[in-house]
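Read off the chains here:
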Amino acid sequence: MELRQLRYFVTVVEEANFTRAAARLHLAQPGLSAQIRQLEKELGQLLLDRSGRTVVPTAVGAAVLPHARAALAAAQRITHTVDEFTGLLRGQVRIGLISGAAEAELDIAQILADFHREHPQIGITLTENTSEIMYTALRRGELDLALISVAGEELHPEIAAAAVLDTTIVAAVAADAAGFPDRVDLATLCSHPLICLPTGTGIRRVLDNACAAKGLVPNVAYEAVAPPVLIRLAAHGLGVAVIPPLAPADAAALGVRTLAIDPPMHGRLLLAWNTDRPLSPATTILLDRMHRALGGWHLPAPDGTTPPQ
């Protein structure tokens with residue numbers, strides 16, 4: 001039995017599909033299937049039920065699953081312990097960002113630049129996607145840290161988070177648009193063509209939840225993944241954009257005017273990480289720096305000491 005076989009087994013269970021698991025693991029599907037069959041042969045029991053449309057663990061597989069995850073976590077902790085003992089910082093930190101996060105209150109670009117100068121041997125990868133996709137990746141251990149937008153919903157128990165920004169969502173119309181007061185109620189907003197972030201983003205979920213609570217259906221005419229694109233579309237009179245707040249001077253410079261939405265809709269930008277998986281020393285130090293940039297606290301290192309600055 002090999003650790004990689006356990007990782008393959010866990011991934012297939014999480015994806016409920018050999019094809020998706022193979023893509024996630026960057027393996028050919030026949031090779032993945034062969035490794036799982038070899039693991040089952042060594043254990044003398046089937047771990048996966050392949051008879052349905054989705055792959056699910058058998059009773060034996062369900063019993064084995066938590067032990068497989070614990071073994072993988074233990075192996076990772078061994079590597080981290082050695083790194084901590086030798087004072088070595090190596091490896092890679094995987095970070096997910098929503099579009100526009102680098103322009104938020106947390107200056108992620110400056111933090112990463114400083115971190116890279118001090119620890120050039122640490123690789124940093126950035127992924128930009130919707131909050132929903134990155135949240136799933138964080139839970140699966142495919143990301144170490146993520147800046148995500150949420151609509152006030154409860155996070156899963158294994159996900160810890162620090163607030164980066166609380167925002168009141170606004171509407172934006174072309175600067176010369178007529179017939180729009182400074183405040184617009186939700187029903188009136190929904191009667192206009194809307195320019196929104198796509199499904200899976202935090203602001204879109206806030207809008208959809210608010211509309212659903214009042215029995216309204218938003219008339220979404222255009223979608224774009226970046227707030228600046230939404231603003232440009234609104235500036236050209238294509239509809240009403242639903243966006244994070246803008247300063248009046250910035251709005252005027254971009255050719256739009258912002259409107260308050262009644263009742264107010266709020267979104268939150270969070271820095272999130274998975275407490276169910278061991279953080280590498282490099283990730284711990286980077287997370288601590290992000291916390292301090294938010295005016296937060298120093299995170300303790302795994303051995304209980306304060307990480308190096």
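Novice: Explain the sheet that holds strand β10 (residues 220-223) to me, please; I cannot follow it from the model alone.
Specialist: Pairing between the strands of a sheet is mediated by backbone hydrogen bonds and can be parallel or antiparallel. Here 6 strands make up an open sheet; going across it, the order is β8-β12-β7-β11-β9-β10 and the pairing mixed. Here the strands that pair on one side only, and so sit at the sheet edges, are β8 (183-185) and β10. Put simply, the sheet's adjacent strands are angled 35 degrees from each other on average, direction ignored. Bridge count between strand β9 (residues 194-196) and strand β11 (residues 240-243): 2 bridges; the pairing is parallel. Following the sheet pairing, L194 is matched in β11 by V240.

Novice: Help me out: how do you make sense of unusual backbone geometry in this one?
Specialist: Leaving glycine out, the prevailing phi sign among residues is negative, and the prevailing peptide bond configuration is trans. The amide bond that connects D262 to the next residue, P263, takes the cis arrangement and shows omega of 0 degrees. Positive phi, normally seen in glycine, also occurs at A16, with a value near 55 degrees. Position of A16 relative to the elements: it lies in the loop between α1 (3-15) and α2 (18-25).

Novice: Any chance you could explain the nonpolar core here in plain terms?
Specialist: In a soluble, globular protein the nonpolar side chains are often hidden away together inside. Ranked by size, the top nonpolar core spans 33 residues in total, and within it L145, I148, L271, L286 and M290 carry the most contacts. Of all elements in the fold, only β3 (92-97), α5 (108-118), α6 (131-140), β5 (145-150), β6 (159-168), β13 (266-274) and α11 (281-293) reach the threshold of two or more residues within this core. In this structure, V173, L194, C196 and A241 belong to the second largest nonpolar core, which totals 32 residues.

Novice: Would you explain the sheet that holds strand β4 (residues 123-128) in this entry?
Specialist: Here 5 strands make up an open sheet; going across it, the order is β4-β3-β5-β13-β6 and the pairing mixed. At either margin of the open sheet sits one strand with a lone partner, and together these are β4 and β6. In this sheet, neighbouring strand axes are inclined to one another by 20 degrees on average, regardless of whether the strands run parallel or antiparallel. In this structure, β3 lies alongside β5, joined through 3 bridges in parallel fashion. By the bridge assignment for β5, G96 is matched with A146. Where α6 meets the sheet, it contacts β3, β4, β5, β6 and β13, and its direction lies at approximately 140 degrees from that of β5. Packing of α11 onto the sheet brings it into contact with β3, β5, β6 and β13, and relative to β3 it is tilted by some 40 degrees.

Novice: When you look at the environment of N209 in this model, what are you seeing that I'm missing?
Specialist: Within the secondary structure, N209 sits in helix α8 (residues 202-213). Through-space distance from the C-alpha of N209 to that of A151 is 8.4 Å; in sequence the pair is 58 residues apart.

Novice: Help me out: how do you make sense of the pairing of β3 in this one?
Specialist: When a strand is regular, its side chains alternate between the sheet's two faces. Two strands pair when backbone bridges link them, and β3 and β4 are joined in this way by 6 bridges, in the parallel orientation. Looking across to β4, one finds that V93 is bridged to I124.

Novice: Got a minute to help me understand the environment of A162 in this structure?
Specialist: Take A162: it is sitting in strand β6. What makes A162 buried here is its relative accessible area of 9%. Taking the C-alpha atoms as reference points, A162 and L294, separated by 132 residues in sequence, lie 8.6 Å from one another. Excluding its chain neighbours within four sequence positions, the residues that come into contact with A162 are L269, L270, L271, W273, H291 and L294.

Novice: What's the story with the side chain of T58 in this structure? I'm lost.
Specialist: Tracing the backbone through its elements, the reader meets T58 in the loop between β2 (56-57) and α4 (59-86). Using a relative accessible area of 19% as the deciding quantity, one classes T58 as buried. Side-chain polar atoms of T58 contact the backbone oxygen of L46, separated by 2.7 Å. There is a polar contact of 3.0 Å between the side chain of T58 and the backbone nitrogen of G61. Dropping the residues within four chain positions of it, T58 is found in contact with L46, L47, L48 and D49.

Calculation notes
- Sequence order sets the numbering: in each chain, residues are counted from 1 along the sequence as written.
- Local features in this predicted model are restricted to residues whose pLDDT is 70 or higher, and side-chain atom pairs enter the listing and the counts only when it is 80 or higher, whereas totals over whole chains, interfaces and linings include all residues.
- Derived side-chain values reflect all non-hydrogen atoms in the structure, with water molecules and hydrogen atoms excluded from consideration.
- A pair of strands is labelled paired if DSSP reports no fewer than 2 bridges between them.
- Secondary structure is summarised from DSSP: a helix means a run of H or I of at least four residues, a strand means a run of E of at least two, and numbering begins at the N terminus for each.
- Angles here are taken between N-to-C directions and fall from 0 to 180 degrees, while the axes themselves are lines fitted to C-alpha atoms, restricted in helices to the stretch in contact.
- Put simply, a nonpolar core is a bunch of buried Ala, Val, Leu, Ile, Met, Phe, Trp, Tyr and Cys residues held in one set by side-chain atoms that sit within 4.5 Å of each other.
- Each residue's exposure class comes from its accessible area (1.4 Å probe, protein chains only) as a fraction of the maximum for that residue type: buried when under 20%, exposed when over 50%, partly exposed otherwise.
- In this analysis, two residues are considered to be in contact whenever any of their non-hydrogen atoms come within 4.5 Å of each other.
- Nitrogen and oxygen atoms within 3.5 Å of one another constitute a polar contact, given that in protein one can donate a hydrogen and the other can accept it, and given that sequence-neighbouring residues count only through two side-chain atoms.

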